[in-house]
Amino acid sequence: MPERILVVDDEESIVQLIAYNLRRAGYEVITTGDGEAALRLARTESPDLVILDLMLPGMDGFDVCKEIRKESDLPILMLTARSEEIDRVIGFEIGADDYVAKPFSPRELVGRVKAILRRSRREVEPDAAQDTRVFGPLSINFVTYEVNRDGNRVDLTPTEFQILKVLAQSPGRVFTRDELVDRVIGQDFFGDVRTVDVHIRHLRSKIEANPSDPAFIETVRGVGYKFVGAKRK
């Protein structure tokens, strides 16, 4: 079955451009230009990814993203015509996985979609239990994408999980922002690598008991980040 993409934009020419290129790449496409309709389709049509314009009439893209995040970790790629960094930062804060600024290259957009879907695929293997690592109160299963803290499930977006996975699989190793972008988002990323900081902040808010004094993800000033949680045997 082809993966299904929900495209949300009120500019018909943009919708047609995106839909045409996604279908050429082998995806099934659902479209709408309305925020409330987008939320209904996200709930009823089970898309694998949402391409979401921020500037929508009525319920805007920020509100749609927040509502989706209350219910699921469905991957979200933001579209924005704005150049202000604050829009992108807010988008990442509320749970978006990536963004593309208008005007965009259709090839770049399809590449971003492929990268996000690649990060979000969850293929469960028979020996999945063996792929669980425990770091004190935190457990991470690298196959099933399940994260638990003190026995309670922690819901992460695909991008947040992949950042955690890269860091936690090499405890003590320092990763630069560029390295995390290359490993998680892809070498064709055209944005600001500082977006990694936003994902890290969001990740800490979910896995750390005290995000301002993190026990697992440590900032290495001027370099990047490292995972410092002591593995419990």
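Residues numbered from 1 in each chain as written. Predicted model: local features only at pLDDT ≥ 70, side-chain atom pairs only at ≥ 80, totals over all residues. Heavy atoms only, no water.

**A few points about the overall build of the protein**
Then comes step 1: On a plain count of helices and strands, the protein comes out with eight helices and twelve strands.
Then comes step 2: When burial is assessed residue by residue, the protein has 50% of its 233 residues classed as buried.
Then comes step 3: When the accessible area of the protein is evaluated, it comes to approximately 11400 Å², of which 46% is carbon and sulfur surface. (Helix = DSSP H or I, 4+ residues; strand = E, 2+ residues; numbered from the N terminus. Buried < 20%, exposed > 50% of the residue type's maximum accessible area, 1.4 Å probe, protein only. Areas by Shrake-Rupley, 256 points an atom, 1.4 Å probe, with all protein chains shown as cover.)

**Considerations on the sheet that holds strand β1 (residues 4–8)**
Backbone hydrogen bonds hold the strands of a sheet together, and the pairing may be parallel or antiparallel.
Then comes step 1: If you trace the five strands from one edge of the open sheet to the other, you get β2-β1-β3-β4-β5, paired in parallel fashion. Lying at the two open borders of the sheet, with one neighbouring strand each, are β2 (28–32) and β5 (98–101). Recorded for the sheet is a direction-independent mean angle of 20° between the axes of neighbouring strands.
Then comes step 2: Packing against the sheet, helix α3 (residues 61–71) makes contact with β3 (49–53) and β4 (76–80), and its axis sits at approximately 155° to β3. (Pairing = 2+ DSSP bridges. Axes fitted to C-alpha atoms, helices over the stretch in contact; angles between N-to-C directions. Contact = heavy atoms within 4.5 Å.)

**Some points on helix α2 (residues 35–44)**
Then comes step 1: Listed as buried for α2 are Gly35, Ala37, Ala38, Leu39 and Ala42.
Then comes step 2: Packed against the buried residues of α2 are β1, β2 and α3.
Then comes step 3: Where α2 begins, the capping side chain belongs to Asp34, and its oxygen is found 3.1 Å from the backbone nitrogen of Glu36. (Polar contact = N/O pair within 3.5 Å; in protein donor to acceptor, adjacent residues only side chain to side chain.)

**Quick notes on the packing of aromatic side chains**
Then comes step 1: All chains considered together, the criterion is met by three aromatic pairs.
Then comes step 2: Ring centres of Phe135 and Phe227 lie 4.8 Å apart, and the angle between their planes is 70°; on these two criteria the pair is classed as edge-to-face. Separated by 92 residues along the polypeptide, Phe135 in strand β6 (residues 132–135) and Phe227 in strand β12 (residues 224–227) bring together distant segments of the chain.
Then comes step 3: Residue Phe227 is classed as buried on the basis of its relative accessible area of 0%.
Then comes step 4: Ring centres 6.0 Å apart and planes at 20° place the aromatic pair Phe216 and Phe227 in the stacked group. Within this pair, whereas Phe216 is found in the loop between α8 (195–207) and β11 (217–220), its partner Phe227 is found in strand β12, the two being separated by eleven residues in sequence. Judged on exposure class, the residue Phe216 and its partner Phe227 are both buried.
Then comes step 5: Through successive ring pairs, a cluster of aromatic residues spans Phe135, Phe216 and Phe227. (Phe/Tyr/Trp six-rings, centres within 6.5 Å; stacked < 30°, edge-to-face > 60°.)

**Section: the sheet that holds strand β8 (residues 146–149)**
Then comes step 1: What the four strands build is an open sheet, ordered β6-β7-β8-β9; its pairing is antiparallel. Of all the strands in the sheet, the pair left with one neighbour each is β6 and β9 (152–154). Between one strand axis and the next, the sheet turns by 25° as a mean value, whatever way the strands run.
Then comes step 2: Taken strand by strand, helix α6 (residues 158–168) contacts β6, β7 (138–141) and β8, and its axis lies near 100° from that of β7.

**Concerning the pattern of salt bridges**
Then comes step 1: For the structure shown, the criterion picks out 17 salt bridges.
Then comes step 2: One salt bridge in this structure joins Lys102 and Glu11, with 3.3 Å as the shortest N-O distance. Here Lys102, found in the loop between β5 and α5 (106–120), pairs with Glu11, found in the loop between β1 and α1 (12–24); they are 91 residues apart in sequence, far enough to count as distant.
Then comes step 3: By relative accessible area, Lys102 is classed as buried at 15%.
Then comes step 4: Close ionic contact of Arg43 with Glu71 constitutes a salt bridge, the shortest N to O distance being 2.7 Å. Highlighted residues: Arg43 in helix α2 and Glu71 in helix α3, separated in sequence by 28 residues.
Then comes step 5: With relative accessibility at 44%, the residue Arg43 sits in the partly exposed group.
Then comes step 6: Of the residues examined, Glu71 reaches a relative accessible area of 47% and is grouped as partly exposed. (Salt bridge = Lys/Arg side-chain N within 4 Å of Asp/Glu carboxyl O.)

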